[in-house]
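Structural characterization, general
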Amino acid sequence: MSILTKRRNTDFSRRNFLGSLGLAASAGPFLPLLNASGAEPTVGGRPKRLLLIYTPHGTVYDRWKPTGTDAAWQLNQINAPLEKWKSKINVFTGVNFPNKGVGAPHTKGLPLLFTGSQLAEDMTFSRPDGSGGKFFGWNTGPSLDQFLVQRLKPQTLYPSIEFGVRAGGNNNPAARMIYTGPAKPLVAESNPYAIFDRLFTKKGGDQLRAERKTAIDILKPELDALKVKVSSEDKDKIDAHLQTIRAIETRLAANAAGLCTGQTQPMGLQGAMMNANAIENSGWTMDRQLELISMAFACDVTRFASLQFTVGDNDSRPYPWLGIMEGHHDPLTHAGDSDMAAKDKMTKIYTWYHDRVAYLLDKLNAVPEGNGTLLDNTLVIWGSEVGKGNSHSYDNIPFITAGGAGGAVRTGRLLSANKAQHNRILVSACHAFGATDVTTFGNLDNATGPLPGLMV
Amino acid sequence: MFRSTQSWCIGIFGLGLGCSPGSIGDESGEASRMAGAQPSSPTGANGGQGLIPTPAPGAMPGAPNSGTMMQPGTPNAPGMLSAPVPTPAACLGKAPDVGFAPLRRLTRDQYVNAARDLLKGTTVSPDVLSPDEQIGPFKTNVVGSVSDLVSLQYMEAAEGLAKAAMPKLDAIFPCDRMTAGDAGCADQFIDKVGLRIYRRPLTADEKARYKGGYTTHAAQGGYANGVRVILSVMLQSPNFLYQVEQGVGTGAVVPLDSYSVASRLSFFLWSSMPDDALLGAAAGGQLNDPKALRTQAERMLKDPRAKRTLASFHEQWLGLGALPTLSKDLKAYPGFTATLRSSMAAETGDFADAVIREGDGRLATLFSAATSPTADPALRKLYSAGAPGADGQVALPVRERSGLLTQAGFLATHAGTNQSSPVRRGVAIIKNVMCATLPDPPAGVNAVAPDPSPTLTTRQRFEEHEKSPSCSGCHKLIDGVGLGFENYDGMGTYRSTENGKTVDSRGELVIGDAATVGAFSDAVALAKKLSVSPDVATCTAKQWMRFALGRGETTADGCSVQGALAAFTGSQNNVRDLLTSITTTDAFRYRRAAK
């Protein structure tokens, strides 16, 4: 399906949109699911949403950086697919990462992207004999989305949803982008079928709910008993496990009310079952995840989401759906700058990322909300873990935002950060969500305040 | 910072795989590969400064850091061998001691195997669960806590398993309902299946809760429905998912109770839950006696289930986790098919099992045997080997192959997509097989890998390392080992020429004991040296210990390491003796109440 399909979205009603997604429009998805607290800013009666996107290994900067100035600028070869959304996006040049702390560039870069914080200097990921080295652990801060979730306490079915495409990797910082706090990573779900089932179907109906209620009634006292039994160091783990069971219980009760549940899968998930984790299906999986993100936002199942495309370290997998059989990270991004064949192939990969983000913006903008669209009420922040793959540069990290965060953020801009750290963008996002008392974000922040020129 | 100099250390960033016992295979190799420190340069980011920037007023998230995590450490030196093992004299007559063992959640493999053993073959794909944590090269879930998603995955997996098991219910749990009645059979189910899943008898409260759950759902769908629901709940119980361990008595260091020992034994030697015989021994309190423990361990090593552990250990130790999904540039290696990859992965586990369980069990054999158990003609062709003999073993060319390190799986995993990789191979051997340290590459290096050249050999292309003073320190060590493997291309095929030039496969080990250190002619010669190296034997014993305990050893475990190592060396490095001895160490049998 081409993302270049021209379609007038203005007369595309929410009801039709949801119908096309297979959702029962009468199911009442527009009402806050539970009693919404007043903490979260809303625009035109609709909440603001935040989406954090990661794609690996930076970009080919000279083919990505727009030309011209803020007053008059043109997209470059790689971001050309965003042309139709130029008025609703911002492109940031000269954004740098703080290059501090332990861990290798890809490894620390992925969690750094949205936490602005460094990895812990502990022994979590180390040789275990304690022979005197300095090693690294998990990231030491919450990511932007989780910080805002904890601040705003959205009363939605899911406080946040972590979407991924082959984002499992191993359980270490190079594969974990989102953190609820220091050393508390969340794993992304890379299976769109599982997400659809959990979010939008009454899977198994009343019988399954009754069985899960039985399970929860047994598991809770078992976990309570275990807390007493295990050593004090392990109580936190059992406590965290108990919290997850309580969260499942809460959602079970909410789901029973039948809000925002449909019986039909979106078109892309119908038909023969696909292996969502297969490399050759990654393009397909990406599109399904993008569709599910827009559904989840449209239905107000969640207001905070993230999408992690593969892992921060060594996406040395081919892109067969683009006809590229070499691994992206190795050998392609490790080729020298003068290797034009490698550069052209990387350009194709990076251009595809932009093409898919354009598809996402199509989806978000197709949902009318008040006088605008879902896209207008959303803030999408998209970045990478390095500036470029071969030198592992922490300068010129490609950043793009989309959507106006309900009128809080100006769009259509080409903004130079003048080598400011990306923490400025994270602080700007806090302000866009009403957290205007935040002046720094992350323990590697080296300045204060939002990025000049971004906020309305 | 990374572009500030022109030094050029080929292929460390992003290319090198598995720098460690910290080696984390597949996609995330770098995380642990870079497990070393911030570079020691005084101009480095941390030079002379505290590591934590003072949070600005108004700083919200992530600041300040937990101070305990941020102690500046000492940058590790290249080639430092791991901590020394105490002498036998120092351990003689010492009171039992043990390092703190954090609560372990089952690994995906353990979960899948346990389900299979309990449900007579019914299990799920490990992919339905989130990936495991690793400490060193070994999978063990001891650090993080479960997220909502992981809990939900457990719930869904358990529901699926219980449903899939129902057609086999009579085989899994035979019960004469005519005699015992449905409620009586349900009671027995809770007792017997509960014992297997919890690895201990259930408490009265636990039984009552399950009986309540059974009654509710049997009322709606009969006996099978009630049993299905409670089986599903048992399989998502924390008492199944975690290795909950209990000590006997009070004090800082206490013996584990018999049931806790039974679980440790089975998850170590079988990567699965205990069987009825082991639970019976636990019920009789027999597992508190080292002699009885040894008898159980010997019995379990003879059981085919032990192969799971042998395969799993060697896959993790040698950093082969990525092999089943490894991609190569098919222009360079058109024969690198999915089938061949699986055969390579299977070969290492089958070989380890054949040597350790069926063969002489010796470490030297693991590093020197020129045989392969493979049944795949494509892999035999890669080795230029003939048909298997009567014992199923294939004889390999003795001048080209010598045990684990010259197997195609190791060579292909630790290689580039279109070339060999002296760096990856060197790093894997130095860190995983010799347990020596390697620091991070210096900041400011350009990690551009030199492209394959139509005229140069890999050795010629990698000579840059030797020229650059900032690289040569480590790379003398790394490349000295890795270039010894230049007789094998990026998928492990033997070659004596590269681009028309004769391959120079000489290397030098600049670290290690007297038997190990020094020049060697090729990888086969290196493997023979390593096969009798005391350092490699010590490293092997430590790695098995870490695998068994699911954690790194501490100084409190020193005498346990000493005991296991003494048994190992005393048996001519027989791995069977190492494994049974590990089960009788303090580290395996005792528990420290708190950190």
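Residues numbered from 1 in each chain as written. Chains lettered and ligands numbered in written order. Predicted model: local features only at pLDDT ≥ 70, side-chain atom pairs only at ≥ 80, totals over all residues. Heavy atoms only, no water.

Turning our attention to the overall build of chain A. Within chain A, the secondary structure is distributed over 10 helices and 15 strands. A burial count over chain A gives 69% of its 456 residues as buried. Considering only residue pairs separated by 6 or more positions, chain A has 73% of its internal contacts joining residues 24 or more positions apart. When the accessible surface of chain A is summed, it comes to about 14,100 Å², and 53% of that surface belongs to carbon and sulfur atoms. (Helix = DSSP H or I, 4+ residues; strand = E, 2+ residues; numbered from the N terminus. Buried < 20%, exposed > 50% of the residue type's maximum accessible area, 1.4 Å probe, protein only. Contact = heavy atoms within 4.5 Å. Areas by Shrake-Rupley, 256 points an atom, 1.4 Å probe, with all protein chains shown as cover.)

A few words on the state of the cysteines. Residues and elements named next belong to chain B. Considering all chains together, one arrives at 3 disulfides over all chains under this definition. The disulfide bridge from Cys-91 ends at Cys-559, spanning 2.1 Å between sulfur atoms. Here Cys-91 and Cys-559 share a disulfide; its torsion about the S-S bond, -90 degrees, makes the bridge left-handed. With Cys-91 in helix α2 (residues 88–91) and Cys-559 in helix α23 (residues 558–570), this pair connects stretches of sequence that are 468 residues apart. We classify Cys-559 as partly exposed; its relative accessible area is 23%. Residue Cys-435 pairs covalently with Cys-539 via a disulfide, S to S 2.0 Å. Handedness of the Cys-435-Cys-539 disulfide follows from its S-S torsion of about 75 degrees: it is right-handed. (Disulfide = S-S within 2.5 Å.)

Turning our attention to the environment of Leu-326 of chain B. All names here are of chain B. With respect to the helices and strands, Leu-326 occurs in the loop between α12 (306–317) and α13 (338–358). Along the backbone, Leu-326 and Thr-413 are 87 residues apart, and their C-alpha atoms lie at a distance of 7.3 Å. Contacts of Leu-326, omitting those with residues within four sequence positions, involve Phe-336, Arg-341, Ala-412 and Thr-413.

Take the packing of aromatic side chains next. Residue and element names in this part refer to chain B. Taken as a whole and judged by the stated rule, the model has 31 aromatic pairs over all chains. For the pair Phe-173 and Phe-189, a centre-to-centre distance of 5.1 Å together with 90 degrees between the ring planes defines the contact as edge-to-face. Of the two residues, Phe-173 sits in the loop between α5 (169–172) and α6 (177–198) while Phe-189 sits in helix α6, which places them 16 residues apart along the sequence. Among the residues examined, Phe-189 registers a relative accessible area of 1% and is labelled buried. Centre to centre, the rings of Trp-544 and Phe-547 are 5.6 Å apart; their planes meet at 85 degrees, and the pair counts as edge-to-face. Of this pair, Trp-544 and Phe-547 both sit in helix α22 (residues 534–549), 3 residues apart, which is roughly one turn of that helix. The residues Trp-544 and Phe-547 share a single accessibility class, namely buried. By way of ring pairs, the aromatic residues Phe-138, Phe-268, Phe-313, Trp-317, Phe-367, Trp-544, Phe-547 and Phe-588 are connected into one cluster. Sitting above the plane of the Phe-588 ring, Arg-264 keeps its charged end 6.0 Å from the centroid. Taking NZ or CZ as reference, Arg-305 lies 3.9 Å from the ring centre of Trp-270, over its face. (Phe/Tyr/Trp six-rings, centres within 6.5 Å; stacked < 30°, edge-to-face > 60°. Lys NZ or Arg CZ within 6 Å of the ring centre and 35° of its normal.)

All names here are of chain A. Ordered by their spatial adjacency, 7 strands build an open sheet running β7-β10-β3-β13-β14-β6-β15, and the pairing between neighbours is mixed. Of all the strands in the sheet, the pair left with one neighbour each is β7 (161–165) and β15 (413–416). Between one strand and the next, the sheet's axes are offset by a mean angle of 15 degrees, whatever the strand orientation. Here strand β13 (residues 378–383) pairs with strand β14 (residues 399–402) via 3 bridges, running antiparallel. The residue bridging Trp-382 from the neighbouring strand is Ile-400, located in β14. Set on the sheet, helix α10 (residues 423–432) makes contact with β6 (89–93), β13 and β14; between it and β13 the angle comes to about 170 degrees. (Pairing = 2+ DSSP bridges. Axes fitted to C-alpha atoms, helices over the stretch in contact; angles between N-to-C directions.)

Moving on, we come to the packing of α23 of chain B against helix α24 (residues 575–583) of chain B. Residues and elements named next belong to chain B. Two elements in contact, α23 and α24, have axes separated by 8 Å at closest approach and are oriented at 155 degrees. By the angle between their directions, the pair α23 and α24 is classed as roughly antiparallel. Of the two possible hands of crossing, α23 and α24 adopt the one that is right-handed. Contact residues: α23 offers Ala-564, Ala-567 and Phe-568, while α24 offers Val-575, Asp-577, Leu-578, Ser-581 and Ile-582. Grouping the amino acids of the contact of α23 with α24 by side-chain chemistry returns 6 nonpolar, 1 polar and 1 charged. (Parallel < 35°, antiparallel > 145°, perpendicular 65-115°, else oblique. Left-handed = near helix turned anticlockwise from the far one by under 90°. Nonpolar A, V, L, I, M, F, W, Y, C, P; charged D, E, K, R; others polar.)

This part takes up the pattern of salt bridges. Residue and element names in this part refer to chain B. The full count for this structure, using the stated rule, is 41 salt bridges over all chains. Here Asp-182 makes a salt bridge to Arg-177, at a shortest N to O gap of 2.8 Å. Bridged by salt links that share partners, the residues Asp-275, Arg-299, Asp-303 and Arg-305 form one connected network. (Salt bridge = Lys/Arg side-chain N within 4 Å of Asp/Glu carboxyl O.)

What follows deals with the confidence of the model for chain A. All names here are of chain A. On average, residues of chain A carry a pLDDT of 83, and 82% of them reach 70 or more. This model gives residues 1–39 a pLDDT under 50, and the stretch forms 75 contacts once residues within four places in sequence are excluded. Contacts from residues 127–133, a stretch scored under 50 in pLDDT, to residues over four places away or in other chains number 26 contacts. (pLDDT = per-residue confidence, 0-100.)

This paragraph deals with the environment of Cys-559 of chain B. Between the alpha carbons of Cys-559 of chain B and Ala-354 of chain B there is a distance of 31 Å; along the sequence they are 205 residues apart. Every residue in contact with Cys-559 of chain B, bar those within four places of it in the chain, is listed here: Pro-86, Ala-90, Cys-91 and Lys-94 of chain B.

Our focus in this paragraph is the nonpolar core. Judged by nonpolar contacts, the single largest core of 126 residues is most densely connected at Leu-361 of chain A together with Tyr-111 and Leu-231 of chain B. Here this core takes 12 residues from helix α9 (residues 340–365) of chain A, the largest share from any one element. In contact with Leu-231 of chain B, other than residues within four places in its own chain, are Leu-118, Leu-119, Ala-162, Ala-165, Met-166, Phe-189, Val-193 and Ile-197 of chain B. The next biggest cluster of nonpolar side chains, apart from the first, holds 78 residues, and it includes Phe-367, Val-524, Ala-537 and Leu-578 of chain B. (Core = buried A, V, L, I, M, F, W, Y, C linked by side-chain atoms within 4.5 Å.)

Further remarks concern helix α21 (residues 523–531) of chain B. Residues and elements named next belong to chain B. Burial runs high along α21: 7 of the 9 residues are buried. Taken residue by residue, α21 has Ala-523, Val-524, Leu-526, Ala-527, Lys-529, Leu-530 and Ser-531 as its buried positions. The N-cap of α21, judged by a side-chain oxygen 3.2 Å from the amide nitrogen of Val-524 a few residues on, is Asp-522. (Polar contact = N/O pair within 3.5 Å; in protein donor to acceptor, adjacent residues only side chain to side chain.)

All names here are of chain B. Where α22 meets α23, the closest approach of the two axes is 10 Å, and the angle between their N-to-C directions is 125 degrees. Between α22 and α23, the angle falls in the class oblique. The chirality of how α22 crosses α23 is right-handed. Seen from α22, the contacting residues are Ala-537, Thr-538, Thr-540, Ala-541, Lys-542 and Met-545; seen from α23, they are Ser-560, Val-561, Ala-564, Leu-565 and Phe-568. Among the residues forming the contact of α22 with α23, the class breakdown is 7 nonpolar, 3 polar and 1 charged.

A word on the confidence of the model for chain B. When pLDDT is low, close inspection of the predicted coordinates is not appropriate. Residues and elements named next belong to chain B. Across chain B, pLDDT averages 84, with 83% of residues at or above 70. Here residues 1–76 is modelled with pLDDT under 50, and outside its nearest four sequence neighbours on either side it reaches 253 contacts, counting other chains as well. Here the predicted complex scores 0.82 on pTM and 0.85 on ipTM.

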